[in-house]
Amino acid sequence: MAKPACRYTCTSCGAVSLKYSGKCFSCQSWGTLEESPLEETLPGKTGPLHEVKDLPVSESLLLENKAVPPQRISTGMQELDRVLGGGLMPASAVLIGGEPGIGKSTLMLQLARHTSPCRILYISGEESPSQIRDRAKRLSIQSDDVILVSEVNLDKIIGVIDRDKPDIIIIDSIQTLHTGDFRSSAGTVTQIRECCSALLRETKQRNIVLLVIGHITKSGSLSGPKTLEHMVDTVLQFEGESFQRHRVIRTMKNRFGPTNEIGVFRMDEHGLKEVTNPSELFIAGRTSGVPGNAILAAIEGTRALLVEVQALVSKTNYPVPQRICTGIDSKRISILLAVLEKRLGFGTWGQDVFIKVAGGLKLAEPASDLAVACAVASGLNNTALSPGMVCAGEIGLSGETRAISDGERRIREAAHLGFDTIILPKENTRELKPAIRKLPLKIIGCSSLQEALEEMKLSG
Ligand code: TYD
Ligand code: MG
């Protein structure tokens, strides 16, 4: 059978097919398949391996490392430095994603305040230099080290990098860039991938830091090919809603530091301000004595945070009761509701359950189970929890509590914010350091959800 001479790539999702079709078999979009040549082996590249010259040197793992660790560039914002793993790494590439209007461009412009004497090249495909200048004036950024360019053509951008020799490049945004090598329009998978890899090649060679702003899709993931996230060293994502005052930036991937680290900012008329004690922010405005509210001692990256989990349980008017969750996985909630019903007799059938993590934070760690279950039980029982009480713990399907990570850091944070009781899984309270025992709060270890609810004066 004759070999096909070309293949067809979907400009929307990147799927490859050997036959043309009006509809992409993968993402079901119409008219998105484009012809692209098949990759061919270069002539003369098929010889046996022993003929290859200039093989890389193999080194022992135990060889003493004499290389000086590279000096990180501080952004002047501790919260941003933390999510980056201690500042910008030279020659690294960072992708910043988030909803429109959440503050990506503002944050990037604010970098200019403290990165002097680094020269920043700000390439915007969305705003003109005068609009950016206007914003810089509002943010009181007066820096000679920022060069503004409004351009979307990749070849011209590389020319500008050659000419202006910056230390940091900001691309706002990757979806607006376009390279003439492909027929597809800006924002398509091929364009995004090719533009990003060309920029990476240029910046890595010249030891330049590349900061790329990326849009996100309706479902909240970064738009464009998944390979974009694999190409860069660090992926930061804005969490929360753009209409809230504060903004959370989370590290989704970091080759030079821990992931799941968060940085908290507040947006005001002078731009993004750092929030140095986020626990105070997440529990601010809570009304004690209201049934359905529980305080969770969470761990986000390297720091402990107190967060309020709210549950509203009310009689349903629908044949199938609603389960609506904000900031927490709804499947996890279904499991917890089943455990509450089967093991403890807290039936929620016939009731709508609404769960919300106050402040727009997204909770992913299993240690949030106990606070969610207690909030639901408190809402269902119409009994408020003691306002000085904090909890954390994973719950198993038999209703047992399971050990969680960083118990001591959670205890310290609760004591630091003046709470008087913390409820944790029993294993976490077994071998506590004397310094932790001396803290002015009562540490209660429970081996099951039943025990925890009894401590909270809630019973089925
Ligand atoms: P922007 O950085 O343009 O968002 P993105 O690039 O992610 O789309 O931020 C725009 C929003 O921030 C807009 O709603 C106005 C608000 N904002 C302030 O509240 N204060 C400020 O000082 C600035 C510059 C913006
Ligand atoms: Mg913008």
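Structure's up top.
So, here's what we can say about the structure. (Residues numbered from 1 in each chain as written. Chains lettered and ligands numbered in written order. Predicted model: local features only at pLDDT ≥ 70, side-chain atom pairs only at ≥ 80, totals over all residues. Heavy atoms only, no water.)

**Description of the overall build of the protein chain**
Argument step 1. Along the backbone of the protein chain there are twelve helices and 21 strands.
Argument step 2. In terms of principal-axis extent, the alpha carbons of the protein chain reach across some 75 × 60 × 55 Å.
Argument step 3. With 54 positive and 52 negative side-chain charges, the protein chain shows a spacing of 2 Å between the two charge centroids. (Helix = DSSP H or I, 4+ residues; strand = E, 2+ residues; numbered from the N terminus. Lys, Arg positive; Asp, Glu negative; His and termini not counted. Charge placed at Lys NZ, Arg CZ, Asp CG, Glu CD.)

**A word on unusual backbone geometry**
Argument step 1. For the peptide bond that leads from Asp-172 to Ser-173, omega is 0 degrees, which places it in the cis range.
Argument step 2. Position of Ser-173 relative to the elements: it lies in the loop between β7 (168-172) and α5 (189-205).
Argument step 3. Despite not being glycine, Ala-91 shows a phi value in the positive range, around 60 degrees.
Argument step 4. One non-glycine residue, Asp-406, lies in positive phi territory at about 55 degrees.
Argument step 5. Mapped onto the secondary structure, Asp-406 falls in the loop between β19 (401-402) and α10 (407-416).

**Brief notes about the packing of aromatic side chains**
Argument step 1. Inspection of every chain in the model, using the stated rule, returns one aromatic pair.
Argument step 2. When the centroid spacing of 5.5 Å and the interplanar angle of 70 degrees are considered together, the rings of Tyr-8 and Tyr-20 count as edge-to-face. A residue pair is termed long-range when its members are at least 10 positions apart, and Tyr-8 in strand β1 (residues 6-10) and Tyr-20 in the loop between β2 (16-17) and β3 (33-37) qualify at twelve residues. (Phe/Tyr/Trp six-rings, centres within 6.5 Å; stacked < 30°, edge-to-face > 60°.)

**Observations concerning the site of ligand 1**
Argument step 1. The full set close to ligand 1 counts 16 residues, and Gly-101, Lys-104, Ser-105, Thr-106 and Asp-268 are the nearest of them.
Argument step 2. Between ligand 1 and Gly-101 there is a distance of 2.7 Å, counted from an oxygen atom to a backbone nitrogen or oxygen.
Argument step 3. Gly-271 has a polar backbone atom sitting 2.8 Å from an oxygen atom of ligand 1.
Argument step 4. Counting only elements with at least two residues in the shell around ligand 1, the list comes to α2 (104-110), α3 (129-138) and β11 (262-268).
Argument step 5. The class makeup of the residues in the shell around ligand 1 is four nonpolar, six polar and six charged. (Near = heavy atom within 4 Å. Polar contact = N/O pair within 3.5 Å; in protein donor to acceptor, adjacent residues only side chain to side chain. Nonpolar A, V, L, I, M, F, W, Y, C, P; charged D, E, K, R; others polar.)

**What about the nonpolar core?**
Argument step 1. Grouped together as the largest cluster of nonpolar side chains are 65 residues, with contacts concentrated most on Leu-340, Ile-355, Leu-361, Ile-422, Ile-423, Leu-449 and Leu-453.
Argument step 2. Residue contributions to this core peak at eight residues, all from helix α9 (residues 369-381).
Argument step 3. A domain split of this core shows at least three residues from each of domain 1 (78-275) and domain 2 (281-455).
Argument step 4. Apart from residues lying up to four places away in sequence, Leu-453 is in contact with Leu-340, Leu-344, Phe-346, Cys-374, Ala-377 and Leu-458. (Core = buried A, V, L, I, M, F, W, Y, C linked by side-chain atoms within 4.5 Å. Buried < 20%, exposed > 50% of the residue type's maximum accessible area, 1.4 Å probe, protein only. Domains from an automatic or database assignment. Contact = heavy atoms within 4.5 Å.)

**Describing the pairing of strand β5 (residues 120-124)**
A regular strand carries its side chains on alternate faces of the sheet.
Argument step 1. Across the five residues that make up β5, a large majority, five, are buried.
Argument step 2. Here β5 shows two buried faces, one formed by Ile-120, Tyr-122 and Ser-124 and the other by Leu-121 and Ile-123.
Argument step 3. Traced from β5 through α3 to strand β6 (residues 146-150), the parallel crossover comes out right-handed.
Argument step 4. The sheet contact formed by β5 and β7 spans five bridges and is parallel. The partner of Tyr-122 across the bridge, within β7, is Ile-170. (Right-handed = clockwise from strand over helix to strand, strands pointing away. Pairing = 2+ DSSP bridges.)

**Digging into the pattern of salt bridges**
Argument step 1. Following the criterion strictly, the structure yields 18 salt bridges and no others.
Argument step 2. Note that Asp-233 is salt-bridged to Arg-255, the shortest N-O span being 2.7 Å. Here Asp-233 is found in the loop between α6 (227-231) and β9 (234-239), whereas its partner Arg-255 is found in the loop between β10 (246-254) and β11, with 22 residues between them in sequence.
Argument step 3. Its salt-bridge partner being Asp-268, residue Lys-273 comes within 3.3 Å of it at the nearest N-O pair.
Argument step 4. In this structure Lys-273 comes out as partly exposed when scored by relative accessible area, which is 30%.
Argument step 5. Here the salt bridges do not stand alone but share partners, grouping Glu-79, Arg-82 and Arg-303 into one network. (Salt bridge = Lys/Arg side-chain N within 4 Å of Asp/Glu carboxyl O.)

**A word on the packing of helix α4 (residues 154-164) against α5**
Argument step 1. Packing of α4 against α5 leaves a shortest axis separation of 11 Å and a crossing angle of 15 degrees. Between α4 and α5, the angle falls in the class roughly parallel. In the packing of α4 onto α5, the handedness of the crossing is right-handed. Mapping the contact onto sequence places Leu-154, Ile-157, Ile-158 and Ile-161 in α4 and Cys-195, Ala-198, Leu-199 and Glu-202 in α5. (Axes fitted to C-alpha atoms, helices over the stretch in contact; angles between N-to-C directions. Parallel < 35°, antiparallel > 145°, perpendicular 65-115°, else oblique. Left-handed = near helix turned anticlockwise from the far one by under 90°.)

**Section: the environment of Gly-98**
Argument step 1. As for its placement among the helices and strands, Gly-98 is situated in strand β4 (residues 93-98).
Argument step 2. Gly-98 sits 20 residues away from Gln-78 along the chain, and the two C-alpha atoms are 20 Å apart.
Argument step 3. Other than its neighbours up to four places away in sequence, Gly-98 contacts Lys-104, Gly-214, His-215, Ile-216 and Phe-238.

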